[in-house]
Amino acid sequence: MVEFILNDQTVRTRKPASMTLLDFIRYEQHLSGTKIGCREGDCGACTVLIGKLNDERIHYESMTSCITPLGNAAGKHVVTIEGLNMVELTPVQQAMVDSGGTQCGFCTVGFVVSLSGYCLTAEHPTKEGAISAIDGNICRCTGYKSIENAAGDIAGQLSKKSQKEQTGWLIKKGFLPEYFSGIPKRLQKLRSYEIPENGQVMIGGGTDLYVQKHDELLDTEEVSLVFDKPDWNSIHREGSEIVLGAATTATDLMESEIMQQIFPDLHRHLKLVSSTQIRNMGTVAGNFVNASPIGDLTAFFIALNSTIVLTSPGGHQRQMLLKDLYKDYKELNTKPGEHLTQIRFPVPDDQTRFNFEKVSKRTYLDIASVNTAIQIRSAKGKIDDVHLSAGGVGPTPKYLSRTCDFMRDQALTPELLPQAHEIIQSEISPISDVRGSASYKRTLLRQLFYAHFAELYPEIFEDEIPA
Amino acid sequence: MKNIDSKGHVTGKSLYLDDIPVRQGTLYALPVDSPAAHGRIRVLDLTKAEQSEGIVRIFTHRDIPGENQIGGIIPDEPLLAEDEVHFQGQPVALIVGESEHACRRAREKVRIEIDEKPPITDPREAREKGELIVPPRTFQNGDSESAWDSCEYVFEGRADSNGQEHLYIETQGVYAWPAENGNIKIATSTQGPTAVQRTAAQVLGFGMHNVEVDVIRLGGGFGGKEDQATPWAVMVALAVHHLQKPVKMAMHRMDDMRMTGKRHPYSSDYKIGLDKNLKIVAYEATLHQNAGAAADLSPAVLERSLFHANNSYFIPNMKVTAYSCRTNLPPNTAFRGFGGPQGMFVIESAIAYAAYEIGVPKHRIQEQNLLKDGDEFHYGQIADQCQAVPAWTEAVESFRLNDLQEEVECFNRKYKLRKKGLAMQPVCFGISFTKTQMNNARALVHIYHDGTVGVSTGAVEMGQGVNTKLLQVAAYTLGIAPSRIRIDTTNTSRVANTSPTAASAGADLNGKALEKACIKLKQRLCEVAADQLGTDPKGITIENERIQVNGTPAELIWEQVVHEAFMNRVSLSEKAHYATPVIHFDKEKEKGHPFAYHVYGTAILMVTVDCLRGTYEFDSVKIVHDCGNSLSPMVDNGQIEGGLVQGMGWMTMEELDYDEQGRLRSNALSTYKIPDIYSVPKSVEVKHLETDGHELAIRKSKAVGEPPLMYGLGAYFAILDAVRAFNPNTTLRFDAPFTHEKVLMALYEGKEVEVKEEAAGSILNESSG
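Let us now look at the overall build of chain A. Tallying secondary structure elements over chain A gives 19 helices and 18 strands in all. Over its C-alpha trace chain A gives a radius of gyration of 23 Å, about what one expects of a compact globule, namely 23 Å for 467 residues. Viewed in the frame of its principal axes, chain A has a C-alpha envelope of about 70 × 55 × 45 Å. Counting every position in chain A, which comprises 467 residues, the buried fraction comes to 65%. Within chain A, residue pairs in contact and separated by at least 24 positions form 64% of the contacts whose partners lie at least 6 positions apart. Accessible area of chain A: about 16600 Å², with a carbon and sulfur share of 46%.

Spelled out as structure tokens, the structure:
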């Protein structure tokens with residue numbers, strides 16, 4: 001039995017937990033405001049808000065319901081457009097009307113829901129922030145400028161929002177229907193829901209599995225849902241290491257103070273990873289075990305010299321360097337039944353710098369043609385230690401070990417780069433595919449390798465990048 | 001006026017195909033398509049699929065009672081393949097079952113074996129092998145052959161533009177059910193309800209009167225649902241006919257992308273000659289249109305490429321020949337601009353090439369050659385009320401082109417690894433279906449006896465705001481509040497024999513018909529009012545819902561007159577027919593007056609290229625556009641901005657990728673990228689050119705759907721400008737789209753990392769990130 005609150009209605013269903021939330025909303029509950037555009041999380045037409053109780057407050061996040069398992073809604077508040085509609089238009093709806101932000105209308109609800117989610121969560125509302133909230137919503141008609149104006153209008157209205165009594169303020173100003181105020185108490189009373197955890201197929205956020213195996217999953221009655229497993233999404237420090245739960249999402253990383261302190265450019269880097277909705281859903285471990293050669297978080301964490309913790313069904317744990325997880329294309333060095341339960345990486349010191357680069361056909365909400373990350377420690381003009389990763393240049397995410405070995409203990413000078421680059425080329429084996437020709441990927445990795453240094457050591461490299 | 005649908009859209013209450021409440025007993029349909037692009041079907045084994053859970057029946061061409069033929073212009077396309085398949089994604093059978101999921105699982109069990117033949121994907125190869133959809137056509141004026149000698153400069157080159165996926169966010173869909181006496185009612189997401197009706201009747205062996213087609217609205221069309229909505233509707237109608245149950249199909253994105261045609265890729269050769277004042281003396285081009293495996297609308301698209309081969313320029317000696325080449329891609333089809341953009345890309349490439357070779361800014365050549373009143377187009381029409389120069393001048397002056405150029409030069413001097421580029425993009429686009437006989441429409445207006453009004457026309461609402469404009473026309477003409485009027489669904493039983501909503505002409509044609517019907521009704525009501533008031537009908541008008549006598553408000557309001565008319569048995573319904581006057585075209589001579597009028601405008605685009613990473617961002621696009629006397633500036637600006645961005649997408653990131661076997665590799669939103677909110681220009685400014693508008697435009701508000709798309713062409717040339725600022729020696733290639741890959745390779749031409757041998761295989765369909 002999956003039990004949750006859908007808009008103002010408590011829902012109890014025996015539908016399979018692996019069914020998509022979208023199908024449940026549209027075809028079981030007959031709420032047709034949520035649209036189907038792509039069924040792979042890439043258009044945002046099916047965006048809903050999912051609110052999870054945290055102490056006494058609810059934290060809402062936008063998610064694409066097309067790749068959300070129904071079971072991940074258990075115990076939560078799911079909001080569709082029908083749950084936002086009132087007699088009068090909400091300020092978000094009104095802003096979209098006034099700005100001409102809707103033409104054919106098919107994507108519109110997704111934009112309204114994403115923007116409404118921003119209203120619920122924004123602490124310091126800005127136009128930029130409101131636009132960021134709709135970075136996973138695609139519109140083919142408007143060219144977006146009118147929607148940007150609507151976002152700016154909303155941000156302006158939100159600047160008066162009370163931080164203490166957010167929900168109350170939003171209800172008073174007509175952003176939300178009255179019933180939102182009662183949801184926390186109602187969620188607290190939902191205690192009978194079960195989260196299945198004995199199935200063979202383990203699902204986290206669903207962002208990859210539902211793209212790859214949509215039809216198979218619908219026929220999989222027994223699944224194991226780990227997205228909401230207690231302690232699986234915490235980020236904390238243990239001595240000289242940072243420890244992440246397997247179900248930590250990209251958004252969790254982005255919003256973590258611990259991570260922000262270590263990585264000043266974290267927001268800019270993670271903004272390159274898919275969209276708000278997908279970052280709210282996709283988990284770190286999911287990104288790793290999916291084993292895509294171009295997983296962004298994989299490249300990111302390999303360069304941090306991360307270790308993963310694998311747990312067997314019997315509870316036995318062992319550790320492995322993340323870079324050693326990959327055997328071949330989509331093949332892992334794991335034993336049957338083992339699961340990735342934790343990620344650990346050493347806290348870098350003051351002399352250490354980190355950078356992440358990614359180029360794709362479209363800068364945001366796209367899969368990399370090539371991505372790469374570097375962590376480099378230098379003192380007195382010499383490289384003490386370096387870890388360099390690259391994605392999209394071979395069958396697995398690559399740790400460029402020979403290049404790292406070569407660079408270690410070398411002087412950090414412009415002359416070093418072309419030499420190191422030659423070794424990079426000998427370590428990679430990109431193929432031509434829809435994301436670019438092999439020659440492009442090789443050339444691009446060279447450029448991104450140089451970009452690391454232009455970003456991290458502008459004082460040395462800015463004018464010395466070989467052109 | 002705002003889009004009248006916007007409240008329904010923001011509340012999710014607007015109904016699309018997949019939102020129609022499902023009737024009891026509804027079955028679901030799913031096409032089985034060819035896995036190979038070319039070959040003979042050796043085995044089609046449906047046994048296991050038929051035995052799959054929840055499957056009711058699987059249809060093949062053998063189940064077609066009428067003709068297995070859906071070709072619109074040329075009868076060359078079967079609904080379901082018989083022996084041969086000609087493109088990957090070609091429908092072979094139709095599975096019908098109790099759920100969509102059951103059908104999808106069953107489809108995995110279909111065994112289809114094909115004796116493959118080598119596919120053709122390149123239109124030039126098709127031409128060499130004589131694979132032409134129709135004989136080539138040539139438009140010409142003057143005498144280009146003898147003009148070359150008088151040219152100071154002559155250049156030759158090649159220009160390629162790739163196709164474009166429509167990517168309407170609502171996929172193709174249809175829901176049909178049996179009506180009485182064997183008739184069928186089809187609700188579908190199409191721009192062409194009559195095409196669906198006609199084709200369904202033909203395939204089922206019915207009369208058209210047996211098929212009713214109803215369209216509520218489309219979640220985007222862009223041409224992709226003009227002809228290509230038809231096969232799915234007809235397949236589903238076939239299933240309804242046999243099973244006598246409601247049947248529905250709402251396509252999954254990958255099926256839609258794989259099975260439907262797109263904007264035509266073109267591969268062209270050009271030759272351009274200029275005099276020393278940079279006047280274009282002569283222009284010749286050969287266009288190879290990649291039509292795909294069947295005609296679809298390709299001949300008509302080809303024709304518009306020829307019409308717009310000169311874009312906004314007067315060229316005294318011109319000869320353009322176009323070939324519609326049959327290949328093994330899905331039949332390519334209408335897409336906003338309809339061949340116009342492809343033809344224009346060639347002349348713009350030729351001008352750019354000449355400019356770089358001569359060493360002058362491209363816009364100097366553009367400016368020198370803009371059309372003026374009295375100039376004769378190569379197809380014989382005389383430019384009239386021509387706004388090419390006013391639009392250009394207004395753009396240069398109000399957006400301060402000189403300052404923008406200086407900004408670019410300063411920036412490029414200052415930064416080594418970032419370069420800016422600038423492009424001017426004039427547009428001239430003819431309004432009317434180029435097939436003269438299609439330029440007609442009808443409207444049906446009912447005034448209900450409570451004073452409210454129902455309007456039906458042949459126009460389909462797909463986001464372009466045609467219903468908003470129609471409502472304005474009716475309200476204005478009748479002199480009543482818009483809130484009294486409802487624009488009904490587009491339905492073949494109410495308005496028959498319609499042209500598709502296409503060619504930017506929907507509001508003009510249907511609006512003019514509606515205006516006529518409203519005028520007739522209004523005259524009739526004025527007579528009733530005159531009777532009531534005991535005065536001469538000539539002095540009666542209706543304004544703001546009140547009767548006016550010689551301009552003075554009378555004590556008589558709209559509702560009273562309507563009621564009086566009803567009580568006196570006066571008809572409150574009217575229909576009207578409109579056919580665009582003036583237009584004609586002689587295909588023998590390839591001369592005539594095919595367009596009611598032209599739409600003009602000029603855009604200035606500025607881009608910044610990151611020369612380290614080979615990526616780019618557009619700083620701004622500034623547009624002066626000729627809307628005439630805009631009925632709805634908000635609707636029109638939406639079309640201008642949306643068209644611009646769609647055109648820019650085609651020129652930049654949207655890359656259709658068919659492999660050598662003719663299989664679509666860019667088959668999902670994860671592999672085919674359209675602009676997102678961050679990839680549009682940081683600022684877009686739109687200024688309307690102040691003109692009187694054109695008599696043949698509805699209420700002098702000019703058609704706006706397609707022309708702005710072609711501002712997007714400037715994106716290619718702005719990027720090229722920036723790339724050349726970084727690497728002046730890079731080869732001048734005109735091969736759109738200008739993807740990040742092509743930018744990087746052009747920036748580092750000669751310094752790219754070469755690959756000698758490559759591992760085989762490909763990686764597809766990863767999730768984002």
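Another aspect to go through is the interface of chain B and chain A. Many authors give the size of an interface as the accessible area that is lost as the parts come together. Across the contact, 94 residues belong to chain B and 102 residues belong to chain A. Of the roughly 8000 Å² buried at the junction of chain B and chain A (both faces included), carbon and sulfur atoms supply 56%. At the junction of chain B and chain A, the tally comes to 12 salt bridges. A salt bridge links B:E655 to A:K361; the nearest nitrogen and oxygen atoms lie 3.1 Å apart. For the pair chain B and chain A, the number of links is 47 residue pairs in polar contact (both at pLDDT 80 or more).

Let's shift gears to helix α1 (residues 21-28) of chain A. Residue and element names in this part refer to chain A. Across the 8 residues that make up α1, a large majority, 6, are buried. Those residues of α1 that are buried lie in contact with β1 (2-6), β2 (9-13), β3 (47-54), β5 (77-79) and α9 (214-218). Following α1 by one or two positions, H30 adopts a phi angle in the positive range, close to 60 degrees.

Looking now at the pattern of salt bridges. In this structure the tally under the stated criterion is 80 salt bridges over all chains. Here the salt bridges share partners, and the residues they tie into one network are A:D215, B:D33, B:R104, B:R107, B:D255 and B:R258.

Attention shifts here to the environment of A:G394. All names here are of chain A. Position of G394 among the secondary structure elements: in the loop between β17 (382-391) and β18 (398-399). Residues G394 and V284, 110 residues apart in the sequence, show an inter-C-alpha distance of 21 Å. What G394 contacts, discounting residues up to four positions off in sequence, is P293, S429 and P430.

Residue and element names in this part refer to chain B. Where helix α17 (residues 633-651) contacts helix α18 (residues 713-726), the axes come no closer than 7 Å and their chain directions differ by 50 degrees. Here α17 lies oblique to α18, going by the angle between them. Crossing hand, α17 versus α18: right-handed. Contacts from M648, W650 and M651 in α17 reach L713, A715 and Y716 in α18. Class assignment for the residues of the contact of α17 with α18 results in 6 nonpolar, no polar and no charged.

So, about helix α16 (residues 558-567) of chain B. Working note: α-helix, 3.6 residues per turn, so residues spaced by three or four point in the same direction. All names here are of chain B. For α16, the complete set of buried residues consists of W558, V561, V562 and A565. Down the axis of α16, the smallest arc covering the buried residues is 100 degrees, so these residues share one side. A positive phi of about 60 degrees marks R569, the residue just after α16.

A word on the side chain of B:N510. Residue and element names in this part refer to chain B. Its place among the elements puts N510 in helix α15 (residues 506-533). Relative accessible area serves as the criterion here: at 7%, N510 is assigned to the buried category. Within the local environment of N510, its side chain forms a polar contact with the backbone oxygen of G506, the two atoms lying 2.9 Å apart. Residues in contact with N510, not counting those within four places in the same chain, are A441, R442, A443, T457, G458, A459 and L470.

Reading the values: rules and limits
All chains use their own residue numbering, which begins from 1 and follows the written sequence. Starting at A for chains and at 1 for ligands, labels are handed out in the order in which the entities are written. Predicted model: local features are reported for residues with pLDDT of at least 70 only, side-chain atom pairs are reported and counted for 80 or more only, and whole-chain, interface and lining totals are derived from all residues. Values shown for side chains rest on all heavy atoms present in the structure; no hydrogens or waters enter the calculation. In this text, helices come from DSSP runs of H or I with a minimum length of four residues, and strands from runs of E with a minimum of two, each type numbered from the N-terminal end. Put simply, the radius of gyration uses C-alpha atoms, and a globule should come to 2.2 Å times the residue count raised to 0.38. Each residue gets one of three labels from its accessible area relative to the maximum for its type: buried under 20%, exposed over 50%, partly exposed in between, using a 1.4 Å probe on protein chains only. Residue contacts are defined here by distance: any two heavy atoms, one from each residue, within 4.5 Å place the two residues in contact. To measure how exposed things are, a 1.4 Å probe is used in the Shrake-Rupley method; for residues, cover is taken only from the protein chains shown. Put simply, buried area is how much 1.4 Å-probe accessible surface two parts lose in total, over both of them, once they are put together. Salt bridge criterion: a side-chain nitrogen from Lys or Arg within 4 Å of a carboxyl oxygen from Asp or Glu. Pairs of N or O atoms are called polar contacts if they sit within 3.5 Å, as long as, within protein, a hydrogen donor faces a hydrogen acceptor (for residues adjacent in sequence, only side-chain-to-side-chain pairs). Here an axis means a line fitted to C-alpha atoms, over the contact stretch when the element is a helix, while the angle between two N-to-C directions is reported on a 0 to 180 degree scale. Each angle is binned into one of four classes, with values under 35 degrees roughly parallel, values over 145 roughly antiparallel, values of 65 to 115 roughly perpendicular, and all other values oblique. Note: crossing handedness is left-handed where the near helix turns anticlockwise from the far helix by less than a right angle, and right-handed where it turns clockwise. Residues are grouped as follows: Ala, Val, Leu, Ile, Met, Phe, Trp, Tyr, Cys and Pro are nonpolar; Asp, Glu, Lys and Arg are charged; every other residue, Gly included, is polar. Directions are taken from the helix axis to each C-beta atom, and the arc is the one they span.

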